[in-house]
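# Observations on the three-dimensional arrangement
Each chain is listed here by its residues.
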Amino acid sequence: MNWHFQVEGMTCGNCEASVKSGVGALPGVQSVEVNRAKGLVPIEGSPDPQQVVSTLEELGFEASPSPASPLG
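This write-up is about the structure you can find in this document. (Residues numbered from 1 in each chain as written. Predicted model: local features only at pLDDT ≥ 70, side-chain atom pairs only at ≥ 80, totals over all residues. Heavy atoms only, no water.)

Counting its secondary structure elements, the protein chain contains two helices and four strands. For the protein chain, the succession of helices and strands along the chain, N to C, is β-α-β-β-α-β. Taking 2.2 N^0.38 as the reference for a compact globule, 72 residues should give roughly 11 Å; the C-alpha atoms of the protein chain span a radius of gyration of 10 Å, in line with that estimate. The principal-axis extent of the C-alpha atoms belonging to the protein chain is close to 30 × 25 × 20 Å. When burial is assessed residue by residue, the protein chain has 36% of its 72 residues classed as buried. Across the protein chain, the fraction of contacts at a sequence separation of at least 24, relative to all contacts at a separation of at least 6, is 64%. For the protein chain, the accessible area works out to roughly 4,000 Å², and carbon and sulfur atoms hold 46% of it. (Helix = DSSP H or I, 4+ residues; strand = E, 2+ residues; numbered from the N terminus. Rg over C-alpha atoms; globule rule 2.2 N^0.38 Å. Buried < 20%, exposed > 50% of the residue type's maximum accessible area, 1.4 Å probe, protein only. Contact = heavy atoms within 4.5 Å. Areas by Shrake-Rupley, 256 points an atom, 1.4 Å probe, with all protein chains shown as cover.)

Attention now goes to the packing of helix α1 (residues 13-24) against helix α2 (residues 49-58). Two elements in contact, α1 and α2, have axes whose closest approach is 10 Å; the angle formed by their N-to-C orientations is 140 degrees. The angle between α1 and α2 falls in the class oblique. In this structure, α1 meets α2 at a crossing whose hand is right-handed. Across the interface between the two elements, V19, G22 and V23 of α1 pack against V52, T55 and L56 of α2. Here the residues of the contact of α1 with α2 sort into four nonpolar, two polar and no charged. (Axes fitted to C-alpha atoms, helices over the stretch in contact; angles between N-to-C directions. Parallel < 35°, antiparallel > 145°, perpendicular 65-115°, else oblique. Left-handed = near helix turned anticlockwise from the far one by under 90°. Nonpolar A, V, L, I, M, F, W, Y, C, P; charged D, E, K, R; others polar.)

With respect to topology, four strands assemble into an open sheet ordered β2-β3-β1-β4, the strand pairing being antiparallel. Sheet topology places β2 (29-32) and β4 (62-65) at the edges, where each strand pairs with a single neighbour. This sheet shows a mean twist of 30 degrees between the axes of neighbouring strands, independent of strand direction. Where α1 meets the sheet, its contacts fall on β2 and β3 (40-45), and the angle it forms with β2 comes to roughly 170 degrees. Taken strand by strand, α2 contacts β1 (2-8), β3 and β4, and its axis lies near 25 degrees from that of β1. (Pairing = 2+ DSSP bridges.)

Going through the model one piece at a time under the given rule, you end up with one salt bridge. Among the salt bridges present, the one from R36 reaches E16, with a minimum N-O distance of 2.6 Å. One end of the pair, R36, is in the loop between β2 and β3; the other, E16, is in helix α1, and 20 residues separate them in sequence. You can call E16 partly exposed: its relative accessible area is 24%. (Salt bridge = Lys/Arg side-chain N within 4 Å of Asp/Glu carboxyl O.)

None of this, on its own, says anything about what the molecule does.
This is the structure:
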């Protein structure tokens, strides 16, 4: 299953790395991509979407499932 999250506040490569490692460590996440230019974080796997949002917010970003996700 694929999920897409809209993430605001990613401004540099360190932001991308933080998102990738933080979200990648969550249960059910098989892979994480980060598109800083579009503010999108596509995730493959079956994570708890609320846990993904919480993790992204703990990292200092604003996050929400994008319309392309199963939640949309």
